Protein chains: 2
Amino acid sequence: MRISQLSAASGVPIPTIKYYLREGLLPPGEQTSATRAEYGAGHIRRLRLVRALLEVGRLPIASIRKVIAAVDDENLGMHEVLGTAHYALAPAVEAHDDDEEWRRARAEADRLITDLGWRIDPGAPTRDELAQAILTLDRLGMPATGEALRPYAAAALDLVVEHEIGTIPLDGPREAAVEALVVGTVVHGRVLDVLRRLAQESVSARFFGVPES
Amino acid sequence: MRISQLSAASGVPIPTIKYYLREGLLPPGEQTSATRAEYGAGHIRRLRLVRALLEVGRLPIASIRKVIAAVDDENLGMHEVLGTAHYALAPAVEAHDDDEEWRRARAEADRLITDLGWRIDPGAPTRDELAQAILTLDRLGMPATGEALRPYAAAALDLVVEHEIGTIPLDGPREAAVEALVVGTVVHGRVLDVLRRLAQESVSARFFGVPES
DNA sequence: ATTATTGGATAGTACAGCTAGCCAATCGTC
DNA sequence: GACGATTGGCTAGCTGTACTATCCAATAAT
């Protein structure tokens, strides 16, 4: 398969494919001569993975590169690859350790995690993300204690355990499992977010009294 | 309160405040002379709202402007303002109506919404977001039927009804209610997303056999 | 009187994610 | 074996976003 066919098959324009090759998001095709390279089904799969992380997960290219490197590293186990994806998904929340308010929010986040009995890396950036959300709720005078967030934690845990773990093909090759894990993380996150907003709209329509059509 | 104090009180640099004024995210201060304007507590609240939408909700400035215009429009009811926020949160998913696969995914999304009995605007962009997620799951061979997504919908609805509706101060002034509604949408979304990823990490740590510390 | 600050305006920066153009080597086709 | 089209590899340019920086004359504080 040449680059033009890869482009046609994936829907990604040739210049963009070239760009992904340069950026290391896509492995080079197999060189058959100085001006010809052969691409395969693996490249189509890889492009799908990249587009899913980009369009659904909204990850920046640099993060996608890291995730892909982890996916391709045969030495890494499932947990390590998932960790890489989580790091990529929790960006740009730089902690303000000098700020008193921030430290309180971060302590609240850590306390919630401890109370739930969850096993979370002490250095996980997700902790900072949670702290940021708690701080924001707090500043706007909305309930943001561990108690108030428990229903969210319970629902999240339930969905992960009951639904998401089961969709990972653990009996197949490592690559398939790892890809499903990474994409599942990203896409299920969006599914839940979208459905929550839809639920909100529906409830709002009834609650705030828009007449039934 | 002059601009330097507003900056100190909010933590937002003066040039950025000026930028927000230019962009219409922040109403101008009350002019007291040609080179002096007075800012008040409302400006601090408004800055908090903007930063929450920006940092937690990751909305682009242009979308924030629209949301704020809706918040400030006294003629709009709660449901309309929420709708504006939802439009702002569901960006950039342009529908490919020409694509057969896309139409199937979109039909599946619409069917799920109908089956759930939810009242959703037929033109809501959230429908396209859901279709995009379903299409992505589908292409990667993961379960993406309405059946498979029902647990997510149920959990989302439960959280919205049991928890989020209650945090909106309906007895106070319109502005407070509307702000809580908008910020709540954005921040609760992130809370749920973050907690889901934390639950995932915890489950993964146990499931994929990282030794207990 | 002097120094500092302010509001308003214009211009510049940094990064992200492409997109475009060029070029020589080679391929398919006649 | 001639020849137009395609390819890979390269460098450069473009568009959009969210700021920063600089300048200025008018005022305020001391």
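What this report covers is the structure whose coordinates are included nearby. The shown structure was predicted, so the numbers you read here are calculated from the model rather than taken from an experiment.

## Digging into the pairing of strand S1 (residues 30-33) of chain B
Strand residues, when the strand is regular, have side chains that alternate between the two faces of the sheet. Where S1 of chain B meets strand S2 (residues 36-38) of chain B, three bridges bridge the pair, whose relative direction is antiparallel. By the bridge assignment for S2 of chain B, glutamate 30 of chain B is matched with glutamate 38 of chain B.

## Thoughts on the packing of aromatic side chains
Scanning all chains against the criterion turns up four aromatic pairs over all chains. Geometrically, the ring pair formed by tyrosine 19 of chain A and tyrosine 20 of chain A is tilted, given 5.8 Å between the ring centres and 45° between the ring planes. Looking at tyrosine 20 of chain A, the relative accessible area reads 2%, which means it is buried. Summarising the aromatic geometry, the rings of phenylalanine 207 of chain B and phenylalanine 208 of chain B are spaced 5.3 Å apart at their centres and angled 85° between planes, so their arrangement reads as edge-to-face.

## Focus: the protein's contact with DNA strand D
DNA strand D sits among 22 residues. The nearest are Ile3, Ser4 and Lys18 of chain A together with Leu54 and Ile61 of chain B. Protein-proximal atoms of DNA strand D, defined as those within 4 Å of the protein, fall in sugar or phosphate at a share of 69%. Here a phosphate oxygen of DNA strand D and a side-chain polar atom of glutamine 31 of chain A are 3.4 Å apart. Between DNA strand D and alanine 37 of chain A there is a distance of 3.2 Å, counted from a phosphate oxygen to a backbone nitrogen or oxygen. Mapped onto the surface near DNA strand D, the elements with two or more residues apiece are helix H1 (3-10), helix H2 (14-23) and strand S2 (36-38) of chain A together with helix H2 (14-23) of chain B. Here the surface near DNA strand D gets five residues from one element, more than from any other, and that element is H2 of chain B.

## Re the relation of the copies chain A and chain B
Between chain A and chain B, the superposition needs a rotation of 180° and an axial shift of 0.0 Å, giving an RMSD of 0.1 Å. Both copies of the chain, as the preceding transformation shows, are related through a two-fold rotation axis. Taking the C-alpha atom as reference, chain A places alanine 155 of chain A closest to the rotation axis, 3.1 Å from it. Interface overlap between copies is the fraction of interface residues in one copy that are interface residues in the other; for chain A against chain B it reaches 100%, indicating a shared surface.

## Structural notes on the protein's contact with DNA strand C
Among the 21 residues in the neighbourhood of DNA strand C, the closest are listed as Arg22, Leu54 and Ile61 of chain A together with Ile3 and Ser4 of chain B. Taking the atoms of DNA strand C that fall within 4 Å of the protein, sugar and phosphate contribute 71% of them. Contact between DNA strand C and tyrosine 20 of chain A: a phosphate oxygen at 3.4 Å from a side-chain N or O atom of the residue. Here a phosphate oxygen of DNA strand C sits 2.9 Å away from a polar atom, N or O, in the main chain of isoleucine 61 of chain A. Contributions of two or more residues to the surface near DNA strand C are made by H2 of chain A together with helix H1 (3-10), H2 and S2 of chain B. With five residues, the top contributor of residues to the surface near DNA strand C is H2 of chain A. Classifying every residue of the surface near DNA strand C gives ten nonpolar, six polar and five charged.

Definitions and cut-offs
- Every chain's residues receive numbers from 1 upward, in the order its sequence appears when written.
- Naming scheme: in the order in which they are written, chains are lettered from A and ligands are numbered from 1.
- A pLDDT threshold of at least 70 governs which residues receive local features in this predicted model, and a stricter bar of 80 or more applies before side-chain atom pairs are shown or counted, although totals over entire chains, interfaces and linings include all residues.
- Excluding hydrogens and water, the side-chain values take into account all heavy atoms of the structure.
- Being paired, for any two strands, means DSSP has found at least two bridges between them.
- By definition, any uninterrupted DSSP run of H or I lasting at least four residues is a helix, any uninterrupted run of E lasting at least two residues is a strand, and each is numbered from the N terminus.
- The criterion for an aromatic pair is that two Phe, Tyr or Trp rings (for Trp, the six-membered ring) have centres within 6.5 Å, with stacked assigned to planes under 30 degrees apart, edge-to-face to planes over 60 apart and tilted to the rest.
- For each residue, the accessible area found with a 1.4 Å probe, counting protein chains only, is set against the maximum for its type, and the residue is called buried under 20%, exposed over 50%, and partly exposed in between.
- Nearness here has a simple test: a residue counts as near a molecule or strand if at least one of its heavy atoms is within 4 Å of that partner.
- Polar contact is the term for a pair of N or O atoms within 3.5 Å; when the atoms are in protein, one must be able to donate a hydrogen and the other to accept it, and sequence-neighboring residues count only if both atoms are side-chain atoms.
- Each copy is superposed on the other by least squares, with the fit set by C-alpha atoms of residues at a pLDDT of at least 70 in both.
- Note on definitions: a residue-residue contact is assigned when non-hydrogen atoms from the two residues lie within 4.5 Å.
- Only Asp, Glu, Lys and Arg are considered charged in this grouping, and only Ala, Val, Leu, Ile, Met, Phe, Trp, Tyr, Cys and Pro are considered nonpolar; every other residue, Gly among them, is considered polar.

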